[in-house]
There are 2 protein chains.
Amino acid sequence: MKPERFASLWGTLAPIGRGAHGYHRFAWSPPELACRDWFAEQAAERGMPVETDRNGNLWAWLGDPGAGDAVVAGSHFDSVPGGGGYDGPLGIVSAFLALDLLRERGLTPARPVGVAAFAEEEGSRFGIACLGSRLMCGALDPERAAALRDPDGVSLAEASGLDPAGFGPDPQRLAGIGAFVELHVEQGRALTAPVGVASAIWPHGRWRLEFAGEGNHAGTTLMADRHDPMLTFAYTVLAANKEARLRGGHATIGRVAAVPNATNAIPASVTGWLDARAADQSTLDGLVEAVTVRATERAGRDGTSVAVTAESVSPVTGFDAALRDRLAALLGGVPVLPTGAGHDAGVLATRVPTAMLFVRNPTGVSHAPGEYATDEDCAAGVGALADVLAELACR
Amino acid sequence: MKPERFASLWGTLAPIGRGAHGYHRFAWSPPELACRDWFAEQAAERGMPVETDRNGNLWAWLGDPGAGDAVVAGSHFDSVPGGGGYDGPLGIVSAFLALDLLRERGLTPARPVGVAAFAEEEGSRFGIACLGSRLMCGALDPERAAALRDPDGVSLAEASGLDPAGFGPDPQRLAGIGAFVELHVEQGRALTAPVGVASAIWPHGRWRLEFAGEGNHAGTTLMADRHDPMLTFAYTVLAANKEARLRGGHATIGRVAAVPNATNAIPASVTGWLDARAADQSTLDGLVEAVTVRATERAGRDGTSVAVTAESVSPVTGFDAALRDRLAALLGGVPVLPTGAGHDAGVLATRVPTAMLFVRNPTGVSHAPGEYATDEDCAAGVGALADVLAELACR
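Residues numbered from 1 in each chain as written. Chains lettered and ligands numbered in written order. Predicted model: local features only at pLDDT ≥ 70, side-chain atom pairs only at ≥ 80, totals over all residues. Heavy atoms only, no water.

(A) Fine view of the overall build of chain A. Secondary structure assignment for chain A yields twelve helices and 17 strands. At 22 Å, chain A has a C-alpha radius of gyration in line with the 21 Å of a compact globule built from 395 residues. Each of the three principal axes of chain A carries a C-alpha extent, and together these read 80 × 45 × 40 Å. Put simply, chain A has 395 residues, and 61% of those count as buried. Summing over all exposed atoms, chain A offers an accessible surface of approximately 13600 Å²; the carbon and sulfur share of this is 53%. Side chains of chain A carry 32 positive and 46 negative charges; the gap between the two charge centres is 4 Å. (Helix = DSSP H or I, 4+ residues; strand = E, 2+ residues; numbered from the N terminus. Rg over C-alpha atoms; globule rule 2.2 N^0.38 Å. Buried < 20%, exposed > 50% of the residue type's maximum accessible area, 1.4 Å probe, protein only. Areas by Shrake-Rupley, 256 points an atom, 1.4 Å probe, with all protein chains shown as cover. Lys, Arg positive; Asp, Glu negative; His and termini not counted. Charge placed at Lys NZ, Arg CZ, Asp CG, Glu CD.)

(B) Looking closely at the pattern of salt bridges. Scanning the entire structure with this criterion turns up 42 salt bridges over all chains. Note that A:R36 is salt-bridged to A:E32, the shortest N-O span being 2.9 Å. Here the residue A:R36 and the residue A:E32 both occupy positions in helix α2 (residues 30–45), the gap between them amounting to four residues, near one helical turn. In this structure, A:R36 and A:E32 share a single accessibility class: buried. B:D150 serves as the salt-bridge partner of B:R125, at 2.9 Å between the closest nitrogen and oxygen. Note that B:R125 is positioned in the loop between β6 (113–118) and α4 (131–136) and B:D150 in the loop between α5 (142–147) and α6 (156–160), a separation of 25 residues in sequence. For B:R125, a relative accessible area of 15% gives the class buried. Residues participating in the shared-partner salt-bridge network are A:R46, A:D100 and A:R103. (Salt bridge = Lys/Arg side-chain N within 4 Å of Asp/Glu carboxyl O.)

(C) Structural view of the pairing of strand β13 (residues 269–277) of chain B. Residue and element names in this part refer to chain B. A large share of β13 lies buried, amounting to eight of its nine residues. As defined by bridge partners, strand β9 (residues 204–212) adjoins β13 across nine bridges and the pair is classed as antiparallel. Within the sheet, the bridge partner assigned to G205 lies in β13 and is A276. Across nine bridges, the pairing between strand β11 (residues 250–259) and β13 is antiparallel. Bridge assignment links H250 to a residue of β13, and that residue is R277. (Pairing = 2+ DSSP bridges.)

(D) Representation of the relation of the copies chain A and chain B. After a rotation of 180° and a shift along the axis of 0.0 Å, chain A superposes on chain B with an RMSD of 0.1 Å. Read as a symmetry element, the transformation amounts to a two-fold axis. The position closest to the rotation axis in chain A is occupied by the C-alpha of A:A234, lying 2.1 Å away. (Least-squares fit on C-alpha atoms with pLDDT ≥ 70 in both.)

(E) Just unusual backbone geometry, in detail. A cis amide bond links A:V259 with the next residue in sequence, A:P260, at an omega value of 5°. Tracing the sequence through the fold places A:P260 in the loop between β11 (250–259) and β12 (265–266). Phi is positive for B:H367, which is not a glycine, with a value near 60°. Relative to the helices and strands, B:H367 resides in the loop between β17 (354–359) and α12 (375–393).

(F) Quick look at the sheet that holds strand β14 (residues 305–314) of chain B. Residue and element names in this part refer to chain B. The strand order β11-β13-β9-β14 describes an open sheet built from four strands, whose pairing is antiparallel. In this open sheet, the two edge strands, each paired with only one partner strand, are β11 and β14. Geometrically, the sheet is characterised by an average inter-axis angle of 20° between neighbouring strands, direction not taken into account. Of the strands in this sheet, β9, β11, β13 and β14 are in contact with helix α9 (residues 281–302), which crosses β13 at around 160°. (Axes fitted to C-alpha atoms, helices over the stretch in contact; angles between N-to-C directions. Contact = heavy atoms within 4.5 Å.)

(G) Structural view of the interface of chain A and chain B. If you look at the interface, chain A gives 58 residues, while chain B gives 60 residues. Carbon and sulfur atoms supply 57% of the area buried between chain A and chain B, which totals about 5100 Å² over both sides. Linking chain A to chain B there are two salt bridges. Residues A:R189 and B:D225 are paired through a salt bridge, measuring 2.9 Å at the closest nitrogen-oxygen approach. In this structure, the connection of chain A to chain B is made through 26 residue pairs in polar contact (both at pLDDT 80 or more). At the level of secondary structure, the elements contributing two or more residues to the side of chain A that touches chain B comprise β10 (216–217), α8 (229–247), β11, β12 and β13 (269–277) of chain A. By residue number, the principal contributor to the side of chain A that touches chain B is α8(A), which donates ten residues. (Buried area = accessible area lost by both parts, 1.4 Å probe. Polar contact = N/O pair within 3.5 Å; in protein donor to acceptor, adjacent residues only side chain to side chain.)

(H) Expanded view of the packing of aromatic side chains. All told, the structure shown has 22 aromatic pairs over all chains when counted by the stated rule. For the ring pair A:W59 and A:W61, a centre distance of 5.9 Å and an interplane angle of 0° mean the geometry is stacked. Both residues of the pair, A:W59 and A:W61, count as buried. For the ring pair B:F39 and B:F77, a centre distance of 6.3 Å and an interplane angle of 90° mean the geometry is edge-to-face. Pair noted here: B:F39 is in helix α2 (residues 30–45) and B:F77 is in the loop between β5 (70–76) and α3 (89–104), with a separation of 38 residues, a long-range link. Accessibility classification places B:F39 together with B:F77 in one group, the buried group. Among the aromatic residues, those joined into a cluster by ring pairs are A:F6, A:W10, A:Y86 and A:Y372. (Phe/Tyr/Trp six-rings, centres within 6.5 Å; stacked < 30°, edge-to-face > 60°.)

(I) The arrangement of the pairing of strand β5 (residues 70–76) of chain A in detail. Residue and element names in this part refer to chain A. For β5, a buried count of seven out of seven residues is recorded, marking the element as mostly surrounded by other parts of the structure. Side chains A70, V72, G74 and H76 of β5 all project onto a buried face; the interleaved residues V71, A73 and S75 project onto the opposite face, where all are buried too. Pairing of β5 with strand β7 (residues 177–185), which is carried by four bridges, proceeds in the parallel orientation. If you follow A70 over to β7, its bridge partner there is I177. In this structure, β5 lies alongside strand β6 (residues 113–118), joined through six bridges in parallel fashion. Each bridged residue has a counterpart across the sheet, and for A73 the counterpart in β6 is V115. In the classification by handedness, the crossover that spans β5, the intervening helix α3 (residues 89–104) and the parallel β6 is right-handed. (Right-handed = clockwise from strand over helix to strand, strands pointing away.)

(J) A look at the domain arrangement of chain A. Residue and element names in this part refer to chain A. Assigned domains of chain A: these are domain 1 (3–202 + 316–393) and domain 2 (204–314). Using C-alpha coordinates to define each centre, domain 1 is positioned 34 Å away from domain 2. Contacts between domain 1 and domain 2 engage eleven residues on the former and eleven residues on the latter. Taken together, both faces of the contact between domain 1 and domain 2 bury some 820 Å²; the carbon and sulfur share is 42%. Joining domain 1 to domain 2, the criterion identifies zero salt bridges. Linking domain 1 with domain 2 are three residue pairs in polar contact (both at pLDDT 80 or more). (Domains from an automatic or database assignment.)

What follows is the structure, given as structure tokens:
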């Protein structure tokens, strides 16, 4: 596919939700709803009926999904706050374009082919990543989902317009899917060719670190009388970084909330969120344990306390080995590489044969406005995805 | 005055703006407006006309303030977020009660006597402490005040209902005041007697520390590729604490804002606010300089940057020495002590003879729900303030 052709369709989606400080496409916010409208238009142009499933995921179908053994490609529209434009949408735009290539090559799928857009992959609105795919696959308690509220107090049911009684596993839908392929922009400068195939997703998780001290006046409280949880938080930020470097893992504390968060007040409490990932489970466990030990030790010195709570933890996800090797060979021996990021494909992989394709990221920037892939590499990704769909659905 | 009598009037004000996590009485918010209504009721019960000046400060008068050489007592109603109930209101409640004591003693003021409630002393809504008294005294540019907006985008004029063209110096009002006395709860366990007299306010200020890095994906960005401003922020929090301890000053970073503040994103930027205070100007300057140097050095190692901006800096305030000594002697040689906190009295002191009385704080907690003074000590404060008003206004 010519890069210009990719760019032409990309340009119809790219402006939605883009601001001076990156993309803000929270699930079911006006920009994400506009992306869903765009999905419906693209499906209609290709004669593909669209449905929204019980968990808020979108599906467009070529052929009758009831026939079973469907091949599905797709990703998600939602972004982190101030995120990039490629993470998610590239997998949906490339799926529609890959179907166009199949048609132009005169190939008619022998199996139903779907394009999917999963809901709330980033967890930016309701706090749980891969919300739509997890619910579909039975990896999230529907009652917990029904109780979720965004920071403004809006429930998942209110935001989505869905019946909360319908949240939950969708075994019939899963049984009809023979393979799922998610194309995604690579996120860390690990891919030096235009396109690659995923081997696995690192085990990863989010832990809430609650530091409690004693709120007091910043001007009048003697330094020796303080129980300042900001000190314990700060020490833990540095300790997490150091422990991750020592172990070859990744640790980040990028989110913080202080109470009362006033310039002239020693905080009563500070909450930080630890995002930690590593190549294997024991390394990840060791990393989180080391951070916890060091935070607790420092809290003892600061006269504060720390409580560590796992908010979500995902074990290592190995993609279907046969499918992975078949696709890598089909694409001419492209690189096979792991990723530190979670994806809907990682959730689907527990239930159906699943693969991921990566498109090169020249800068390694992800989840930020600088996230980027060239039109040439994206077009190469479309071509690779078309080859994969031809291999899986048209033979 | 009997403690029960203090407690009785205190109990009519204490519930306003009190929540499960302390007081929230932001300037011109519904709770602070309810405090202003309370002020008008108390004045009316005592036959004192009330006026709001051009800068939003409240005044109640006994006698004609136009006669000049007035004696004024007062403080402020507004609180920090989640603050205590005594910081500010104690100075207003005690002023009304002290006037009651004068009347009961058969003393008639020979000079006009006023009770004042200054606007936005904490700076919790518009970010500038002692906003009302600074404007009145010409210590804040009226155009800067007119441009202030609270976090919801509401301007000072909109919040207060005042004409912004009227903001600014009030020389006629100042010329009519012969002495100002602010009674305040002590804030750091420095006072071991029920009542004390202030010697000086430490030089102090607020500096905004802006740490800029590169936003990126927390899961996929190699540790070595990161430019994480949270690391520089964390190091600076610990450095500020250490430098303050080394110098016998106070340094606090209790307010923080990360962008985008998402669990799975390395922040693009983190802003912290440094509150620093010391016994003299050169110590304070050395403290802020040391923090700046260490933050800048660390930013070089993190591949980030730091910009330090002074938001407000107040030099040392020595209260009127003759008045201070006269009051300390009048009150039987009570302790004379400095404070690390800013006050409206510190602003007034630059224009009129000013004194402060402190009431003992048994826990040293301030700007937090645990802030407290016993009814006995508060009643002793009322008695002392009545003695002071008798001395200054009734002879």
